[in-house]
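Commentary on secondary and tertiary structure
Chain residues, written in single-letter form:
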Amino acid sequence: MKINFLKAGQLEEAHNNLNELYEQIKARAKLSEEVIFRTYSLIVEDILRSLNELNMNTNQLFGPNHNLFRELAAKETIHAIHQWTCGIVRKISEALQQQPKRNGYIEIVKAYMDQNYHLDLSVETISEQVNLHHAYLSRMFKQEVGKTLLEYLTVKRLEASKVLLRETDHTITEIAANIGYNNANSFIRFFKRYEGLTPGDYRKANG
């Protein structure tokens, strides 16, 4: 009965999921209180995990001495539990609306990669630029751009290397270093995998 909760871009669906769960539980009158509590405890765990990925301060959302599990345990009816959980979702939704728009995050990380593709970048390093958890940013980026962060970075490096091959006399080793590869052989393998020919052959064909 566990539901996928608070995934990127699905906050509106969270209410529908909760309503469906509520109706399912009401229809199964023989469910024990323990099973119901365990089910909603899993939802609370998912909420806290998602808030961590979003880098949202739970103290600001719920108060300095909050304990969601204790609050859940204090609810005496399934209706009270349902209303409480929906209230949690509303608080998160309101807080998210005050954060920068998703496209703002995407443009920032794209600009960062465009300017720094020659560095040894990791998903974690890129995520730090917008202060988001790397898993959340990765999902958001894939949804908005259609590529993963590393796929976008790979294309950027490939296009930059092709320009250098066509328009400069830099050696293959120099070009490799200019796009973030310390090892020329790694760059050659990378280039051939995506272009179907070596950098040297590409330069000859486009010289």
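The structure this text deals with has already been given above.
Attention here is on the structure that accompanies the text. (Residues numbered from 1 in each chain as written. Predicted model: local features only at pLDDT ≥ 70, side-chain atom pairs only at ≥ 80, totals over all residues. Heavy atoms only, no water.)

Points about the overall build of the protein chain
Per the secondary structure count, the protein chain includes 12 helices and 0 strands. Here the protein chain holds 207 residues, and 37% of them are scored as buried. Long-range pairs, those at least 24 residues apart, make up 62% of the contacts in the protein chain between residues at least 6 apart in sequence. Surface exposure of the protein chain reaches about 12100 Å², of which carbon and sulfur atoms provide 46%. (Helix = DSSP H or I, 4+ residues; strand = E, 2+ residues; numbered from the N terminus. Buried < 20%, exposed > 50% of the residue type's maximum accessible area, 1.4 Å probe, protein only. Contact = heavy atoms within 4.5 Å. Areas by Shrake-Rupley, 256 points an atom, 1.4 Å probe, with all protein chains shown as cover.)

Focus on unusual backbone geometry
In this model, N131 sits at a positive phi of 55°, which is unusual for a non-glycine residue. Here N131 is to be found in the loop between α7 (123-128) and α8 (134-145). Note on N131: relative accessible area 55%, which makes it exposed.

Here's the deal with the packing of α8 against helix α9 (residues 149-167)
The geometry of α8 relative to α9 is characterised by a closest axis approach of 9 Å and an angle of 60° between their N-to-C directions. With respect to each other, α8 and α9 are oriented oblique. Only L149, E151 and Y152 of α9 make contact with α8, whose side of the interface consists of L137, S138, F141, K142 and V145. When its residues are assigned to classes, the contact of α8 with α9 shows 5 nonpolar, 1 polar and 2 charged. (Axes fitted to C-alpha atoms, helices over the stretch in contact; angles between N-to-C directions. Parallel < 35°, antiparallel > 145°, perpendicular 65-115°, else oblique. Nonpolar A, V, L, I, M, F, W, Y, C, P; charged D, E, K, R; others polar.)

Thoughts on α8
Its 12 residues place the ends of α8 16 Å apart at the C-alpha level, agreeing with the 16 Å of an ideal helix rising 1.5 Å per residue. Following α8 by one or two positions, G146 adopts a phi angle in the positive range, close to 90°. (Expected span 1.5 Å × (residues − 1).)

Concerning the nonpolar core
In terms of nonpolar packing, the biggest core is built from 30 residues, with M113, I126, L149, I179 and F187 touching the most fellow members. Counting residues per element, the ones that place at least two in this core are α6 (102-116), α7, α8, α9, α10 (172-178) and α11 (184-195). The element that contributes the greatest number of residues to this core is α9, accounting for 7 residues. Excluding anything up to four places from it in sequence, I126 contacts V109, Y112, M113, L121, L137 and L149. Counting residues in hydrophobic clusters, the runner-up holds 24 residues, among them L31, L51, C86 and L96. (Core = buried A, V, L, I, M, F, W, Y, C linked by side-chain atoms within 4.5 Å.)

Regarding the packing of aromatic side chains
Evaluated as defined, the whole model comprises 7 aromatic pairs. Seen in terms of ring centroids, F191 and Y202 are 5.5 Å apart; in terms of plane orientation they differ by 70°. Their pairing is edge-to-face. Taken as a pair, F191 in helix α11 and Y202 in helix α12 (residues 199-205) lie far apart in primary sequence, 11 residues in all. Relative accessible area serves as the criterion here: at 0%, F191 is assigned to the buried category. The buried category is assigned to Y202, whose relative accessible area is 8%. Here a set of aromatic residues connected by ring pairs shows up, and it is made of Y181, F187, F190, F191, Y194 and Y202. (Phe/Tyr/Trp six-rings, centres within 6.5 Å; stacked < 30°, edge-to-face > 60°.)

Brief notes about α11
The end-to-end C-alpha distance of α11, which contains 12 residues, comes to 16 Å, matching closely the 16 Å that a straight helix rising 1.5 Å per residue would cover. For α11, every residue scored as buried is listed here: A184, F187, F190 and F191. Buried residues of α11 fall within an arc of 120° about the axis and therefore sit on the same side. Across from the buried face of α11, at angles greater than 90 degrees, the exposed residues are R189 and R193. N-cap assignment for α11: the residue whose side-chain oxygen lies 2.8 Å from the backbone N of N185 is N183. (Arc of directions from axis to C-beta. Polar contact = N/O pair within 3.5 Å; in protein donor to acceptor, adjacent residues only side chain to side chain.)

Description of the side chain of N116
Inspection of the secondary structure puts N116 in helix α6. Separated by 2.9 Å, the side chain of N116 and the backbone oxygen of Y112 make a polar contact.

As for the side chain of R157
Inspection of the secondary structure assignment puts R157 in helix α9. One buried charged residue, R157, forms no salt bridge at all, with the nearest opposite charge on D120 at 5.4 Å. Those residues within four positions of R157 in sequence are excluded, and the remaining contacts are Y117, L119, D120, L121, I179, Y181 and F190. (Lys, Arg positive; Asp, Glu negative; His and termini not counted. Salt bridge = Lys/Arg side-chain N within 4 Å of Asp/Glu carboxyl O.)

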